[in-house]
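Below are the chains, spelled out letter by letter.
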Amino acid sequence: MRATTGDLLLFVADHPGLTQREIAHQMVLDPSLVARDLRALTTKQLVERTPDPQDGRAQRITLTPTGYQQADQIRQVMGAWWQALFAATPQANAQVTGQQLAAIYQTLQQRQERN
């Protein structure tokens, strides 16, 4: 699974029921990239689309049970990777790095909202 597809799977696990447009906006990604990756995840039966009751054109995106299992596996692998990285880099602080990355993400979202 490509990194962007895995990121998308994790995002949908944490934010079920969003539309494709909402996902692209909140992840600060190109909508065509999100569409391509959602098609791949749908083909692999990891996500499912259900019609939005308020807007017949939109579809709500959720994970299938297999999708949730895959997301859990990705989280375990990523957690182990980050633990190993910080263990190998004792001068780095995981908590500070996490706070800095969150601040950067927030700035990216604010810039996206202005555009």
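Predicted model, so just to flag it, every value in this text is computed and none were measured.

Visitor: A description of the pairing of strand β3 (residues 59-63) should follow, citing residues and the corresponding values.
Guide: The pairing of strand β1 (residues 18-19) with β3 spans two bridges and is antiparallel. Paired with threonine 19 across the strands is arginine 60, a residue of β3. Relative to β3, strand β2 (residues 47-51) is paired through five bridges, and the arrangement is antiparallel. Counted as the bridge partner of arginine 49 is isoleucine 61 from β3.

Visitor: Break down the side chain of aspartate 52 for me, with residues and values.
Guide: Within the secondary structure, aspartate 52 sits in the loop between β2 and β3. At 2.8 Å, the side chain of aspartate 52 forms a polar contact with the backbone nitrogen of glutamine 54. Look past the residues within four positions of aspartate 52 in its chain and what remains in contact with it is Thr19, Ala58, Gln59 and Arg60.

Visitor: Can you break down the pattern of salt bridges residue by residue, with the values?
Guide: On inspection of all chains with the given rule, the structure shows six salt bridges. With a shortest N-O distance of 2.4 Å, aspartate 14 and arginine 75 are connected by a salt bridge. Note that aspartate 14 is positioned in helix α1 (residues 3-14) and arginine 75 in helix α4 (residues 65-88), a separation of 61 residues in sequence. Within the structure, one salt-bridge network assembled from shared partners comprises Asp14, Asp72 and Arg75.

Visitor: Explain the environment of methionine 1 residue by residue, including any values.
Guide: Assignment of secondary structure puts methionine 1 in the segment before α1. Judged by relative accessible area, which is 49%, methionine 1 ranks as partly exposed. C-alpha separation for the pair methionine 1 and isoleucine 74, spaced 73 residues apart in sequence, amounts to 9.9 Å. Beyond its immediate sequence surroundings of up to four residues, methionine 1 is in contact with Gly6, Leu9, Leu41, Leu46, Gln70 and Ile74.

Visitor: Can you tell me about the nonpolar core, naming the residues and giving the values?
Guide: Counting residues in hydrophobic clusters, the biggest one holds 19 residues, and the most contacted among them are Leu8, Leu9, Ile23, Val47 and Leu63. For this core, the secondary structure elements donating two or more residues are α1, α2 (20-27), α3 (31-43), β3 and α4. When residues of this core are assigned to their parent elements, the largest contribution, six residues, is made by α1. Apart from the residues within four sequence positions on either side, leucine 9 is in contact with Met1, Leu41, Leu46, Val47, Leu63, Gly67, Gln70, Ala71 and Ile74.

Visitor: Describe the layout of surface pockets, with residues and values.
Guide: Taken as a whole, the largest pocket encloses approximately 250 Å³ of empty space. As for the largest pocket, its lining consists of Thr19, Gln20, Arg21, Glu22, Arg49, Asp52, Asp55, Arg57, Ala58, Gln59 and Arg60. Of all the secondary-structure elements, those providing two or more residues to the lining of the largest pocket are α2 and β3. For the lining of the largest pocket, the element with the highest residue contribution is α2, accounting for three residues. Classifying every residue of the lining of the largest pocket by side-chain character gives one nonpolar, three polar and seven charged.

What counts and what doesn't
Residues numbered from 1 in each chain as written. Predicted model: local features only at pLDDT ≥ 70, side-chain atom pairs only at ≥ 80, totals over all residues. Heavy atoms only, no water. Pairing = 2+ DSSP bridges. Helix = DSSP H or I, 4+ residues; strand = E, 2+ residues; numbered from the N terminus. Polar contact = N/O pair within 3.5 Å; in protein donor to acceptor, adjacent residues only side chain to side chain. Contact = heavy atoms within 4.5 Å. Salt bridge = Lys/Arg side-chain N within 4 Å of Asp/Glu carboxyl O. Buried < 20%, exposed > 50% of the residue type's maximum accessible area, 1.4 Å probe, protein only. Core = buried A, V, L, I, M, F, W, Y, C linked by side-chain atoms within 4.5 Å. 1 Å grid on protein atoms, 1.4 Å probe; cavity = no way out; pocket = protein on both sides within 12 Å on 5 of 7 lines; lining within 4 Å. Points joined across faces, edges and corners; volume = space filled by probe spheres on them. Nonpolar A, V, L, I, M, F, W, Y, C, P; charged D, E, K, R; others polar.

Keep in mind these numbers describe shape, not what the thing actually does.
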